[in-house]
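# Close look at the chain arrangement
These are the residues of each chain, in order.
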Amino acid sequence: MTSMARICTFCVMDDSNPAIQFDEKGQCNCCRTALDRLSSEWWPGAEGEARMASLVRSLKERGKGQPYDAMVGLSGGIDSAYLAHLASRQHGLRLLAVHVDGGWNSEPAVANIESIVRGLDIDFHTHVIEWQEMRDLQVAFLKAGVLNQDMPQDHAFFATLYRTAKKFGIRDFLSGVNFATESIVPPNFGYPSIDGRHIRSINALFGKAPLQTYPIMGIVEYLWMTRVRKQLTIHRPLNFFAYDKQAAQEELKEHYGWRDYGAKHSESRFTKFYQDIYLPRKFGFDKRRLHLSSLIVAGQLTRDAAMAELSEPPINEQQAKRDIKFVAKKLGLSADDLLGYIQSPPRQHSDYPNNLKLFGVARDLKVLIQKLRMQGDQ
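Scope of this entry: the structure provided in the associated data block. (Residues numbered from 1 in each chain as written. Predicted model: local features only at pLDDT ≥ 70, side-chain atom pairs only at ≥ 80, totals over all residues. Heavy atoms only, no water.)

## So, the overall build of the protein
For the protein, the count of helices and strands is 16 helices and five strands. Over its C-alpha trace the protein gives a radius of gyration of 21 Å, about what one expects of a compact globule, namely 21 Å for 378 residues. The principal-axis extent of the C-alpha atoms belonging to the protein is close to 55 × 55 × 45 Å. A total of 378 residues make up the protein; the buried ones form 50% of that total. Long-range pairs, those at least 24 residues apart, make up 79% of the contacts in the protein with a sequence separation of at least 6. For the protein, the exposed surface amounts to about 18400 Å²; the carbon and sulfur share of it is 52%. (Helix = DSSP H or I, 4+ residues; strand = E, 2+ residues; numbered from the N terminus. Rg over C-alpha atoms; globule rule 2.2 N^0.38 Å. Buried < 20%, exposed > 50% of the residue type's maximum accessible area, 1.4 Å probe, protein only. Contact = heavy atoms within 4.5 Å. Areas by Shrake-Rupley, 256 points an atom, 1.4 Å probe, with all protein chains shown as cover.)

## Re the sheet that holds strand 3 (residues 123-128)
The five strands lie next to each other as 3-2-1-4-5, forming an open sheet whose pairing is parallel. Here the strands that pair on one side only, and so sit at the sheet edges, are strand 3 and strand 5 (233-235). Averaged over all neighbouring strand pairs, the angle between strand axes comes to 30°, with direction disregarded. Here strand 1 (residues 70-73) pairs with strand 2 (residues 95-101) via four bridges, running parallel. Residue pairing in the sheet places methionine 71 in a bridge with leucine 96 of strand 2. Strands in contact with helix 3 (residues 78-90) are strand 1, strand 2 and strand 4 (172-174); relative to strand 1, the strand with the most contacts, it is inclined by about 155°. Helix 6 (residues 151-168) contacts strand 1, strand 2, strand 3, strand 4 and strand 5 of the sheet and is inclined by roughly 145° relative to strand 2. (Pairing = 2+ DSSP bridges. Axes fitted to C-alpha atoms, helices over the stretch in contact; angles between N-to-C directions.)

## Topic: the pairing of strand 2
Within a regular beta strand, the side chains point alternately toward one face of the sheet and then the other, so they alternate between its two faces. Burial runs high along strand 2: six of the seven residues are buried. In this view, the connection linking strand 1 to its parallel neighbour strand 2 by way of helix 3 has right-handed handedness. For the crossover from strand 2 across helix 4 (residues 107-120) to strand 3, the handedness is right-handed. (Right-handed = clockwise from strand over helix to strand, strands pointing away.)

## Points about helix 14 (residues 317-330)
Between the first and last C-alpha of helix 14 there are 20 Å, a value that for 14 residues agrees with the 20 Å anticipated at 1.5 Å per step. Those residues of helix 14 that fall on the buried side of the exposure criterion are Ala320, Asp323, Ile324, Val327 and Ala328. The buried residues of helix 14 occupy an angular sector of 125° when the element is viewed end-on, so they sit on one face. Exposed and facing more than 90 degrees away from the buried side of helix 14 are Gln318, Lys321, Lys325 and Lys329. Where the residues of helix 14 are buried, they touch helix 11 (269-283) and helix 15 (335-343). A side-chain oxygen of the first residue of helix 14 lies 3.2 Å from the backbone nitrogen of glutamine 318; this N-cap is asparagine 316. Positive phi appears at glycine 332, one or two residues downstream of helix 14, with a value of about 75°. (Expected span 1.5 Å × (residues − 1). Arc of directions from axis to C-beta. Polar contact = N/O pair within 3.5 Å; in protein donor to acceptor, adjacent residues only side chain to side chain.)

## Side note on helix 2 (residues 46-62)
The end-to-end C-alpha distance of helix 2 is 24 Å, a good match for the 24 Å that 17 residues give at a rise of 1.5 Å each. Among the residues making up helix 2, those that are buried are Gly48, Met52, Leu55, Val56 and Leu59. Seen end-on, helix 2 carries its buried residues on one side only, within an arc spanning 100°. Opposite the buried face of helix 2, at more than 90 degrees from it, the exposed residues are Ala46 and Arg57. Along its buried surface, helix 2 packs onto strand 1, helix 3, strand 4 and strand 5.

## Details of the state of the cysteines
Cysteine pairs can be linked by a disulfide, which is a covalent bond between their two sulfur atoms. Under the criterion given, the structure shown has zero disulfides. For cysteine 8, which is in no disulfide, the shortest distance to another cysteine sulfur is to cysteine 31 and amounts to 3.6 Å. For cysteine 30, which is in no disulfide, the shortest distance to another cysteine sulfur is to cysteine 28 and amounts to 4.5 Å. Owing to a relative accessible area of 3%, cysteine 30 belongs among the buried residues under this scheme. (Disulfide = S-S within 2.5 Å.)

Distances and angles like these do not, on their own, reveal function.
Written out as structure tokens, the structure reads:
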């Protein structure tokens, strides 16, 4: 952040993203939009309790005669782990826990997954991505110079999620995504990880070999499963109560010996590198602003406390050197090669073949259908 950067007067988003705009009071469009959405996406009171009770009843009803009521993803992070605890221990849902191993799990994350699965005595399905293909694809993305370097991991997760649900005949997925910690979404930030064509195009341009076992989901398969067959319904139960991440971590420590892995999403060693080093140095963006601003919107953090945290760099130089060395070695690169990819000019995802327009059409169609249904209910 330069000394000339403009910072929102309500949250801590700044103008490092040119799509962020400020009103006459200095408040940004990110937190204004989040505050407008709050009442329709987060129900921390009686309404949330009723919604949760209704969801549990419907899941148990649909699960009759089946081995599972729902599926839940486990990354080793707090949100998904607490969700499994909430659904299984507190509400008695029969869960299939799913984990996609892309080769970057931190040691605490692995231990956390094991403790949750054993402590809840739930079935566990893990899918290991073939490392040579994952490594080659991640290097290809670094060469492409685009923003969303987590796309190879995230796409594998989404594709595996839908295919695992189909394999086990499960129609409901419990997601740890929640308003309290993830409400801030800057305009045009990131890129949808579900775009299989984009994955293939970058791999074809910069990869060394075709992807043979890596789970790619194309636009046709995605739309068929999500829009036509509606094979999997995604629920976000953490939005049904006053979810507090710090309190959740303390509860997980008490019941399962939970181990802290650091900042949000740092259960993946690569994601930690991406957030702490790649994004700030290549795109000039500190992703902590999203997380901290979300907590401000949720009323769980003051702006002054967030500003104090941002006054320190996301990572000190000594740790950054260690992380660059670790990531480079694991990817089969030299530290200088990796630094070269970080320091090269940034590229836009739109510079490479993609299906973004088709996803936009599908999104607009979904919104239109929802509006028509709401009008029909009136």
